[in-house]
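Structural features, examined
Read off the chains here:
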Amino acid sequence: MTESTDTVTREQQALAETPRSNEAAGTLGSETRPASQTGLRGTAVARASSPVHAHAQLQSDRGSTRIADGVVSKIAGLAAREIPGVQSMGRGLSRTLGAFRQKVTRASDEDLATQGVSVEVGERQAAIDIDIVTMYGQSIVEVSRAVRENVIERVEGMTGLEVTEVNISVDDLFVDADGDAGQAAPRVQ
Amino acid sequence: MSRALTPRAHLATEVAEAVIRVPGVEGLSRGSGQEAAVQYAGGKVLGVQITDQHIAVHVLLNRLPLPPIVAMVRSRIDEVVVRHTDGGAVPTIDVLVEGVELDHLPRRREVVL
């Protein structure tokens, strides 16, 4: 985990030194982003190109825009929770503390949005680590793919930052007391 | 907040709609074992799985024989996929028949010696 974070920091520095190295950004993105891997995602590539203009807007001749870590982690946390296969977020201890904090301080869900999210934000890029809990019966592959897609889309769309990587760790599996967790709440489209 | 579907969810929705319209298809199935679905923000498309090189649909049919229905399902998915890929790599398509729901079983012919 620290290893991957180190890589990003180095790459961010490299990009900061050569602001026009679009190729570097491209290869970096294709490794970490499933969206741009194959021709099947022709539309994904087309859509992902719009935030690139936004990157340029973050650093202008007449000033720069800085986005705080908390902003990115809040967006990422809410985006991950939008996926139906995500039961809750955070590691065991922080989940327990979060529930306790919510009872004691009557914190809203929004205040807990950043639970289970840690981010590293540079001038034009962001790397995101997410801890999720899914349900028994869900495909972890599918849930994490959907989380990754949605987090990238929301963060890039709302902040203009380029998301270099979304590392997901599945920390626990929720088992419904009634038996089949999937049957209990069918969300048919 | 915009609720635009991700490209994968968009493709999954179109695949599901195309498959359901095929005569002989009763519906899509969540699959046996782990849930077969494409998830997106705020929902999921049950019975369809999509990865970069692969599409799988889990169907319930209501008519026999199966091969012509399956062939029709496959060609409808093909049409949707071709529209989405724009000449890029075309994924392989798996059709999984999870069950057959018949009002009446085909009558067995008694063999009289």
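Being a predicted model, the structure only gives us computed values, none of them experimental.

Before going further, it helps to examine the overall build of chain A. When its secondary structure is counted, chain A shows seven helices and six strands. In chain A, the succession of helices and strands from N to C terminus is α-α-α-β-β-α-β-α-β-β-α-β-α. Scored against the burial criterion, the 189 residues of chain A give a buried share of 37%. Considering only contacts within chain A whose residues lie at least 6 apart along the sequence, 72% involve residues at least 24 apart.

Our focus in this paragraph is the overall build of chain B. The secondary structure content of chain B amounts to two helices and six strands. When the helices and strands of chain B are placed in sequence order, the string is α-β-β-β-β-β-α-β. In chain B, once contacts between residues fewer than 6 apart in sequence are set aside, the share between residues at least 24 apart is 67%.

Let us look at the environment of Pro91 of chain B. All names here are of chain B. On the secondary structure map, Pro91 appears in the loop between helix 2 (66–85) and strand 6 (92–100). Judged by the 21 C-beta atoms lying within 10 Å of it, Pro91 is buried. Separated by 35 residues in the primary sequence, Pro91 and Ala56 place their C-alpha atoms 9.9 Å from one another.

The relative placement of two packed helices is expressed as an angle between their axes plus a distance between the axes. Residue and element names in this part refer to chain A. With their axes 9 Å apart at the nearest point, helix 4 (residues 69–81) and helix 6 (residues 140–159) run at an angle of 140° to one another. Considering the angle they form, helix 4 stands oblique to helix 6. Crossing geometry of helix 4 relative to helix 6 is assigned as right-handed. Facing Val71, Val72, Ile75, Ala76, Ala79 and Ala80 of helix 4, the residues of helix 6 in contact are Val147, Asn150, Val151, Arg154, Val155, Met158 and Thr159.

Another point: the packing of helix 1 (residues 7–20) of chain B against helix 2 of chain B. Residues and elements named next belong to chain B. Axis separation between helix 1 and helix 2 bottoms out at 9 Å; the angle between their running directions is 150°. Between helix 1 and helix 2, the angle is such that the two are roughly antiparallel. The handedness of the crossing between helix 1 and helix 2 comes out as right-handed. Two secondary-structure elements touch here, helix 1 through Leu11, Glu14, Val15, Ala18 and Val19 and helix 2 through Val73, Arg76, Ile77, Val80 and His84. Of the residues belonging to the contact of helix 1 with helix 2, the class tally is seven nonpolar, one polar and two charged.

The next subject is unusual backbone geometry. Along the chain, Leu64 of chain B connects to Pro65 of chain B via a cis peptide bond; the corresponding omega equals -5°. Locating Pro65 of chain B in the fold gives a position in the loop between strand 5 (54–61) and helix 2.

Residues spaced three or four apart along an α-helix point in a common direction, a consequence of the helix completing one turn every 3.6 residues. All names here are of chain B. Between its first and last C-alpha, helix 2 extends 28 Å over 20 residues, near the 28 Å set by a 1.5 Å rise per residue. Looking at helix 2, one finds that the buried residues are Ile69, Val73, Ile77 and His84. Looking straight down helix 2, one finds its buried side chains confined to an arc of 65°; they lie on one side. Among the exposed residues of helix 2, those oriented more than 90 degrees off its buried face are Pro67, Pro68, Ala71, Ser75, Glu79, Val82 and Arg83. Following helix 2 by one or two positions, Asp86 has its phi on the positive side, about 55°.

So, about the confidence of the model for chain A. All names here are of chain A. Here chain A shows a mean pLDDT of 70. Residues at 70 or above account for 59%. Confidence drops under pLDDT 50 across residues 1–54; counting only partners more than four residues distant or on other chains, this segment forms 66 contacts. Scored below 50 in pLDDT, residues 180–184 makes 13 contacts in the model with residues more than four places away or belonging to other chains.

Rules and cut-offs
Residues numbered from 1 in each chain as written. Chains lettered and ligands numbered in written order. Predicted model: local features only at pLDDT ≥ 70, side-chain atom pairs only at ≥ 80, totals over all residues. Helix = DSSP H or I, 4+ residues; strand = E, 2+ residues; numbered from the N terminus. Buried ≥ 20, exposed ≤ 12 C-beta atoms within 10 Å, placed from the backbone. Contact = placed C-beta atoms within 7 Å. Axes fitted to C-alpha atoms, helices over the stretch in contact; angles between N-to-C directions. Parallel < 35°, antiparallel > 145°, perpendicular 65-115°, else oblique. Left-handed = near helix turned anticlockwise from the far one by under 90°. Nonpolar A, V, L, I, M, F, W, Y, C, P; charged D, E, K, R; others polar. Expected span 1.5 Å × (residues − 1). Arc of directions from axis to C-beta. pLDDT = per-residue confidence, 0-100.

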